[in-house]
Amino acid sequence: MVQFATGMMVRHSTLGIGRVVAMEKTAVHVFFPSGERHAAAKLRLGVAEPFLHPDPEAHDERLDALPRFVLDPGTGRYSPEQVRAATARKTKRK
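The structure reproduced in this document is the subject of the present report. (Residues numbered from 1 in each chain as written. Predicted model: local features only at pLDDT ≥ 70, side-chain atom pairs only at ≥ 80, totals over all residues. Heavy atoms only, no water.)

**A few points about the overall build of the protein chain**
Note the threshold: In this description a helix means any DSSP run of H or I spanning at least four residues, a strand means any run of E spanning at least two, and both kinds are numbered starting from the N terminus. The buried label applies to any residue whose accessible area, calculated with a 1.4 Å probe on protein chains only, is under 20% of its type's maximum; exposed applies above 50%, and partly exposed to all values in between. Every residue pair with non-hydrogen atoms within 4.5 Å of one another is taken to be in contact.
In terms of regular secondary structure, the protein chain is built from three helices and seven strands. For the protein chain, the N- to C-terminal ordering of α and β elements is β-β-β-β-α-β-α-β-β-α. Residues classed as buried in the protein chain amount to 35% of the 94 residues present. When contacts within the protein chain are restricted to residue pairs at least 6 apart in sequence, those whose partners lie at least 24 apart make up 42%.

**Points about the sheet that holds strand S4 (residues 41-44)**
Quick note on the threshold: Two strands qualify as a pair provided that DSSP identifies no fewer than 2 bridges between them. The axes used here are C-alpha line fits, helices contributing only the stretch in contact, and every angle between their N-to-C directions lies in the interval 0 to 180 degrees.
A sheet is described by the order of its strands in space; here five strands give the open sequence S4-S3-S2-S1-S5, paired in antiparallel fashion. Single-partner strands in this sheet number two, and they are S4 and strand S5 (52-54). Each neighbouring strand pair of the sheet contributes to a mean axis angle of 45 degrees, computed without reference to strand direction.

**Things to note about the environment of proline 50**
Its location among the elements puts proline 50 in the loop between helix H1 (45-48) and S5. For the pair proline 50 and valine 2, spaced 48 residues apart in sequence, the C-alpha to C-alpha distance is 9.3 Å.

**Structural notes on the pattern of salt bridges**
Counted only if it meets this: In what follows, salt bridge is the name for a side-chain nitrogen of Lys or Arg lying within 4 Å of a carboxyl oxygen of Asp or Glu.
Scanning the entire structure with this criterion turns up four salt bridges. Here arginine 11 makes a salt bridge to aspartate 55, at a shortest N to O gap of 2.8 Å. One end of the pair, arginine 11, is in strand S1 (residues 9-12); the other, aspartate 55, is in the loop between S5 and helix H2 (61-64), with 44 residues separating them in the sequence. A relative accessible area of 15% places aspartate 55 in the buried class. The closest approach of N and O atoms between glutamate 24 and lysine 42, which form a salt bridge, is 3.6 Å. Of the two residues, glutamate 24 sits in the loop between strand S2 (16-23) and strand S3 (27-31) while lysine 42 sits in strand S4, which places them 18 residues apart along the sequence. Glutamate 24 gets classed as partly exposed once you look at its relative accessible area, which sits at 30%. On the basis of relative accessibility, which here comes to 25%, the residue lysine 42 falls in the partly exposed class.

So this is what it looks like as structure tokens:
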């Protein structure tokens, strides 16, 4: 079993290089800068482990200074704190 930790650089065989932003007992939340979404991908450990590996040598400037990611209880996904705050402001204005 591969051990993952928050802050760790990882490589997914199809999604590329990412950074672990949160851990759960059965899932790892990874932000992939090449993706179109602002939220981290929630990958189930049992399913993702064959495709996801720690890669301490990986480097991507977009992952160097990531903001803090926070859980959105409505979606169960982790998003950058300022993106979630901006979304909340838009929702309140309606």
